[in-house]
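# Topology and contacts: notes
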Amino acid sequence: MNINRLILNSAVAQGLDVIGDRWALRILNEAFNGKRRFEEFRSHTGASRATLTRRLTALVDNDILYKRPYSTGATRFEYKFTEKGLGLFGASLLARQWELDWKVEEPETSDKQLFHSPCNSILQPRAVCRHCHEALELEDVSWLSLDEELNNQMDEIKSIHQQHQADLSSENINNTPEVKLADLVGDRWTLLILIVAFFGTTRYDDFLKQLKIAPGILVERLKNLIEAGVLHRKSYQSNPPRYAYKLTAKGRSLYPFTMSLRQWAIDWLPDKVSEPNLIHSSCGEALAVEIHCESCKQKPWPRDVRLQF
Ligand SMILES: [Zn+2]
Ligand SMILES: [Zn+2]
């Protein structure tokens, strides 16, 4: 296990760079719930005007949303998904399902189910391999090749992280004790720790070495991940004391979302993302992920999915 395994991360990080951070993830989630207008986004996400304006502008600039006037004076706009933005629907469904499964949903929406109209069933989104349609499992993905450019990529990922730091620290989104998915993956270091954990890293020293992360930052993020129930800590040596950090079931269940975000970046940011380097060992094909409805095995589209009490 070494830093070369971080190759996957490039696509995930590029994807997150475009959809931004936890604010952007929340805005997208509201947009998939049918919100279109500035004030609707404001009341449902709790973002300040300045934050919301910046995120909406970035989402339009990145071709995720487009805006069009809805009043005759043309001074008010609504925001709708582009085709590229619609490509994030599957990841958004997985994010919602994860929060539902681990009971971190807003009380407002936790009593609502998503229905898939074509099969008239409760929608259970599942990440599957595009080639063999088997459900994606952490153990079934292996590496095809190594990339010498990786250290450069790590620097790139870190610079993306730094760009977002000012925004992230300016407003505290953690106003509830539950840690939402957007809070986890919207923090670059947390996401990096998760990704190396997906590929087998457990020891503190290995996280330090692979991520070239400052010890203070690593300690803080590991603590947050333990509190969120995503990692658990186990002593493996007493003198000196050494600990292993392993993914819990809750942590492992973040894997499909992460991989669907990676897939979106590969599909929609081909000029930024290099060739896929992961192999689905069940079928031997290059890993490509899609989301289907567990009941009818079809790909859900926003027009076919409705909220029901
Ligand atoms: Zn496969
Ligand atoms: Zn269905």
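For the structure itself, look to the data block above.
Notes on the structure in this doc start here. (Residues numbered from 1 in each chain as written. Chains lettered and ligands numbered in written order. Predicted model: local features only at pLDDT ≥ 70, side-chain atom pairs only at ≥ 80, totals over all residues. Heavy atoms only, no water.)

### Side note on the overall build of the protein
- Looking only at helices and strands, the protein has 14 helices and twelve strands in total.
- Burial status across the protein gives 49% buried among its 309 residues.
- Of the contacts formed within the protein by residues at least 6 apart in sequence, a portion of 68% connects residues at least 24 apart. (Helix = DSSP H or I, 4+ residues; strand = E, 2+ residues; numbered from the N terminus. Buried < 20%, exposed > 50% of the residue type's maximum accessible area, 1.4 Å probe, protein only. Contact = heavy atoms within 4.5 Å.)

### Observations regarding the environment of lysine 67
- Assignment of secondary structure puts lysine 67 in strand β1 (residues 65-69).
- Under the relative-accessibility criterion, lysine 67 is labelled partly exposed at 43%.
- In this structure the C-alpha to C-alpha distance between lysine 67 and lysine 80, which are 13 residues apart in sequence, comes to 6.3 Å.
- Discounting chain neighbours no more than four positions away, the residues touching lysine 67 are Phe77, Glu78 and Tyr79.

### Digging into the pattern of salt bridges
- On inspection of all chains with the given rule, the structure shows 13 salt bridges.
- Linked through salt bridges whose partners overlap, the residues forming this network are Glu39, Arg42 and Arg49. (Salt bridge = Lys/Arg side-chain N within 4 Å of Asp/Glu carboxyl O.)

### Topic: the coordination of the zinc ion (ligand 1)
- Within the protein, the atoms that donate to the zinc ion (ligand 1) are Cys129 (SG), Cys132 (SG), His280 (ND1) and Cys283 (SG), at distances of 2.1 to 2.4 Å.
- One way to put it: the four donor atoms around the zinc ion (ligand 1) meet at angles of 102 to 116°, and that makes the site tetrahedral.
- All donors of the zinc ion (ligand 1) come from a single chain, and their spacing in sequence reads C-x2-C-x147-H-x2-C. Of this pair, cysteine 129 sits in strand β5 (residues 125-129) while cysteine 283 sits in the loop between β9 (278-280) and β10 (285-286), and the two are 154 residues apart along the sequence. (Donors = N, O, S within 2.8 Å, 3.2 Å for Na, K, Ca; no water. Tetrahedral: all angles 85-135°; square planar, octahedral: opposite > 155°, others 65-115°.)

### Focus on the coordination of the zinc ion (ligand 2)
- Coordination of the zinc ion (ligand 2) by the protein involves His116 (ND1), Cys119 (SG), Cys293 (SG) and Cys296 (SG), with metal-donor separations of 2.1 to 2.3 Å.
- Coordination of the zinc ion (ligand 2) draws on donor residues from a single chain, spaced H-x2-C-x173-C-x2-C in sequence. Separated by 180 residues along the polypeptide, histidine 116 in strand β3 (residues 113-116) and cysteine 296 in the loop between β11 (289-293) and β12 (305-308) bring together distant segments of the chain.
- Using a relative accessible area of 22% as the deciding quantity, one classes cysteine 296 as partly exposed.

### Observations regarding the pairing of β11
- With four of five residues buried, β11 lies mostly within the body of the structure.
- Examined bridge by bridge, β5 and β11 share five bridges and lie antiparallel to one another. Considered in β11, the bridge of cysteine 129 is made with valine 289. (Pairing = 2+ DSSP bridges.)

### Describing the environment of valine 273
- In this structure, valine 273 sits in the loop between α14 (255-268) and β9.
- Taking the relative accessible area as the measure of exposure, valine 273 reaches 12% and is therefore buried.
- Sequence separation between valine 273 and alanine 13 is 260 residues, and the spatial gap between their C-alpha atoms is 9.8 Å.
- With residues near it in sequence (within four places) discarded, valine 273 still touches Ala11, Gln14, Ala265 and Ile266.

### Comments concerning helix α11 (residues 204-211)
- The set of residues buried in α11 consists of Phe207, Gln210 and Leu211. For α11, the angular spread of the buried residues around the axis is 85°, confining them to a single face.
- Looking at the residues trailing α11, positive phi occurs at lysine 212, about 45°. (Arc of directions from axis to C-beta.)

Purely geometric numbers; function is a separate question.
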